Amino acid sequence: MPTPPHPSGLPSAALAMSPGAADALLGPDVLAAFAGVCALRHPPVLDDFSGERARDVLGRTELLITGWGCPPLDEAALAAAPLLRAVVHTAGSVRGHLTPACWERGIEVSSAAAANALPVAEYTVAMILLAGKHVLERARAFKAARDRDDPLTTPRAIGNYRRTVGILSASHVGRRVIELLRPYDIEVLLHDPYVDGAGAAALGVRAVGLDELFRHSDIVSVHAPLLPATRGLVGRRQLAALREDGVLINTARGAVVDQDALTEEVVAGRIRVVLDVTEPEVLPPGHPLWDCENALLTRTSRAHRATSGGA
């Protein structure tokens, strides 16, 4: 049936995300930008599609602007939104809230995954370079020594020249990391079952198997999406293959890596880690990684995904 126009002539829109995500994302400049392209009903911010108020909003909505904390758009929610034509997601993955019913209905969907990849990739490259320089470890040593530190005691192995960096997955972030590493004297390896040798060569890297990636890399950076096939993809065998004092960086999803196996390797002091994601998403207060000097735990890239509007 034809869509009744909004009095402004712009498509009617509503927000569906957690209140926290809305507060972080929706500054006056963002709301002003929305006003130029849609008739946004705000408030409310919908974080539940089952209530009477939500059904009233959905019943008049043509465009749904979603973010972290959006409830599933299942058959019941879609039935309450007969005018809905498109979903614009302000974060990366849409797996958490889009259901098969959305595709069956033919709803248009867009995501900010490509834009979100940029700050995450920049953070990753910064961590690769800092890890190669042992910056955190050297800073602790310098602070402890105060004026007694001798720069000539810096180990010769510290640095990034001719390091080997392994990229796990040529995702949006993985590809951007590869691009940002090109100016450096670093060899880059790639494992991605969907990228063959020719495809890897076009990216300027060498395709290798998963075990080979860990065996030959000084630093491995994880960028794989969390799918049934990738849950626990990085396990004990791969972590054991990572060379002594090697580094694992994960800015993707915590469950891609076996958290228990990783913890054992780090606590033993054999490898170092930079973890922007863990499994569970926030480790319990007593978890040994909180107090382990070999582990840097952050939430920097996760914050970018939630609030940059632009894995």
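So, how was this worked out
- Residues numbered from 1 in each chain as written.
- Predicted model: local features only at pLDDT ≥ 70, side-chain atom pairs only at ≥ 80, totals over all residues.
- Heavy atoms only, no water.
- Helix = DSSP H or I, 4+ residues; strand = E, 2+ residues; numbered from the N terminus.
- Contact = heavy atoms within 4.5 Å.
- Disulfide = S-S within 2.5 Å.
- Buried < 20%, exposed > 50% of the residue type's maximum accessible area, 1.4 Å probe, protein only.
- Pairing = 2+ DSSP bridges.
- Expected span 1.5 Å × (residues − 1).
- Axes fitted to C-alpha atoms, helices over the stretch in contact; angles between N-to-C directions.
- Salt bridge = Lys/Arg side-chain N within 4 Å of Asp/Glu carboxyl O.

A. Summary view of the side chain of T124. Of note, T124 is situated in helix 6 (residues 113-132). Not counting chain neighbours up to four residues away, the residues in contact with T124 comprise V177, S221, H223, I249 and T251.

B. How the structure looks around the environment of E104. Inspection of the secondary structure assignment puts E104 in helix 5 (residues 100-105). Here the alpha-carbon distance between E104 and P183, two residues 79 residues apart in the chain, equals 45 Å.

C. How the structure looks around the state of the cysteines. One pass over the full model with this rule turns up 0 disulfides. The structure places no disulfide on C38, whose sulfur is separated from the nearest cysteine sulfur, that of C70, by 15 Å. When its relative accessible area of 3% is taken as the criterion, C38 is described as buried. The thiol of C102 is not disulfide-bonded; the next cysteine sulfur, from C70, is found 9.0 Å away.

D. How the structure looks around the sheet that holds strand 8 (residues 206-207). Taken together, 7 strands build an open sheet; the order of strands is 8-7-6-9-10-11-12 and the sheet is parallel. Edge positions in the sheet fall to strand 8 and strand 12 (295-297), since each has one partner strand and no second. Taken together, the 4 bridges between strand 6 (residues 163-168) and strand 9 (residues 219-222) define a ladder with parallel strand orientation. The residue bridging L168 from the neighbouring strand is V222, located in strand 9.

E. Structural detail: the environment of G197. Looking at the secondary structure, you find G197 in helix 9 (residues 197-203). Separated by 11 residues in sequence, G197 and V208 place their C-alpha atoms 8.4 Å apart.

F. Representation of helix 6 in the model. Taking 1.5 Å per residue, 20 residues should reach 28 Å; helix 6 reaches 28 Å between its end C-alpha atoms and fits that length. A large share of helix 6 lies buried, amounting to 14 of its 20 residues.

G. Here's a closer look at the sheet that holds strand 3 (residues 63-66). Strands sit in the order 2-1-3-4-5 across an open sheet of 5 strands; the sheet is parallel. The sheet is open, and its two borders are formed by strand 2 (39-46) and strand 5 (108-111), each paired with just one other strand. Across the sheet, the mean angle separating the axes of adjacent strands is 20 degrees when strand polarity is ignored.

H. View of the pattern of salt bridges. For the structure on display, the rule yields 15 salt bridges. With a shortest N-O distance of 2.8 Å, E62 and R85 are connected by a salt bridge. With a gap of 23 residues between them, E62 in the loop between helix 3 (52-58) and strand 3 and R85 in the loop between helix 4 (75-79) and strand 4 (86-89) connect regions that are remote in the sequence. A relative accessible area of 5% places E62 in the buried class. You can call R85 partly exposed: its relative accessible area is 46%. The salt bridge partner of R206 is E212, with a shortest N-O separation of 3.6 Å. A residue is classified by how much of its surface remains accessible, and E212, at 24% relative accessible area, is partly exposed.

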